[in-house]
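Spelled out, the chains give:
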Amino acid sequence: MPPRAKHPGAQGFLPPETTLPELRAAADGCRGCDLWEPATQTVFGAGPADAPLLLVGEQPGDVEDVEGEPFVGPAGRVLAQALHESGLDATPRYVTNAVKHFSFTRQGKRRLHQTPKAAEVSACRPWLVAEYAALRPQLTVCLGSTAVRSVLGTDVKVLRDRGAVLERDSALGPGAFLVTVHPSSILRAPDDLRAEARAAFVADLRVAAQFLG
Ligand code: URA
Ligand code: SF4
């Protein structure tokens, strides 16, 4: 028998029916890469199927891994506040991640976020493609470079291309995309730059609000 591929990818785990509830249930059992094993559970996307706005993060964090929902930890609080300030509060949104299991290293009792590898991002992309096909959002916002790379490839750069609506034929299919920073970058910003970083993030999201009308 040939050795098992290290990252066979999620494709073989997709259900025959690709509605969001069916996808979510099937993703629970995904073994498309090695990240499932040390993690607590799959953290699938959440939100209504008719949401005009899709938000894509990197991967669940420590809190999300335990709770099973995306963006319910510290980065999620930054995101929620910024969505509020940008006027997107009332816009139905579906929130998900490029990678659906928490990638971490252990340091004593702490679990430290580890940026997912390119092979893991690729392995997990079929879930994101399927979510996009089920949602058909009017606008997709990529939060940070992992989401940008998964959706738009390496030609798009967060700091160069942020805050503008890009009409692209993406890895998820054609559509309108907006790239911005990851909310955790605001938490990590030095004290004297944090307010500015937050304001720039909100300004990017205001462009999304305007686009969605
Ligand atoms: N960071 C992410 O990218 N996604 C989450 O769900 C939480 C933190
Ligand atoms: Fe499957 Fe994605 Fe989890 Fe890897 S990270 S096991 S591809 S759901």
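Let us look at the structure shown here. Note that the structure is predicted; figures quoted are calculated from it, not measured.

## Examining the site of ligand 2
Close contacts around ligand 2 come from Cys30, Gly32, Cys33, Trp36, Val99, Lys100, His101, Ala123, Cys124 and Trp127, and that covers them all. For the shell around ligand 2, a count of residues per class yields seven nonpolar, two polar and one charged.

## Brief notes about the sheet that holds strand β5 (residues 139–143)
Reading across from one edge, β2-β1-β5-β7-β6 is the order of the five strands in this open sheet, with mixed pairing throughout. At either margin of the open sheet sits one strand with a lone partner, and together these are β2 (93–97) and β6 (165–170). Strand-to-strand twist across the sheet, computed as the mean angle between neighbouring axes with direction ignored, equals 30°. Pairing geometry for β5 and strand β7 (residues 173–180), over four bridges, is parallel. The residue bridging cysteine 142 from the neighbouring strand is valine 179, located in β7.

## Section: helix α8 (residues 191–212)
If you check α8, its first and last C-alpha atoms are 33 Å apart, about what 22 residues at 1.5 Å a residue would give, namely 32 Å. Those residues of α8 lying buried are Phe201, Val202, Asp204, Leu205, Ala208, Ala209 and Leu212. Taken around the axis of α8, the buried residues stretch over an arc of 160°, which confines them to a single face. Of the exposed residues in α8, those oriented more than 90 degrees away from the buried face are Asp192, Ala195, Glu196 and Gln210. In this structure, the buried residues of α8 make contact with β1 (53–57), α3 (74–85), β5, β7 and α7 (183–188). Just past α8, the residue glycine 213 takes up positive phi, approximately 65°.

## Notes on the environment of aspartate 65
Mapped onto the elements of the fold, aspartate 65 is located in helix α2 (residues 62–67). Taking relative accessible area as the criterion, aspartate 65 reaches 0% and is therefore assigned buried. Spatially, the C-alpha atom of aspartate 65 lies 22 Å from that of valine 151, the residues being 86 residues apart in sequence. Once residues lying within four places of it in the same chain are set aside, the contact partners of aspartate 65 are Ala39, Thr40, Gln41, Val43, Pro60, Phe102 and Arg111. Here threonine 40 takes part through its side chain, which lies 2.4 Å from a polar atom of the side chain of aspartate 65.

How each quantity is defined
Residues numbered from 1 in each chain as written. Chains lettered and ligands numbered in written order. Predicted model: local features only at pLDDT ≥ 70, side-chain atom pairs only at ≥ 80, totals over all residues. Heavy atoms only, no water. Near = heavy atom within 4 Å. Nonpolar A, V, L, I, M, F, W, Y, C, P; charged D, E, K, R; others polar. Pairing = 2+ DSSP bridges. Helix = DSSP H or I, 4+ residues; strand = E, 2+ residues; numbered from the N terminus. Axes fitted to C-alpha atoms, helices over the stretch in contact; angles between N-to-C directions. Expected span 1.5 Å × (residues − 1). Buried < 20%, exposed > 50% of the residue type's maximum accessible area, 1.4 Å probe, protein only. Arc of directions from axis to C-beta. Contact = heavy atoms within 4.5 Å. Polar contact = N/O pair within 3.5 Å; in protein donor to acceptor, adjacent residues only side chain to side chain.

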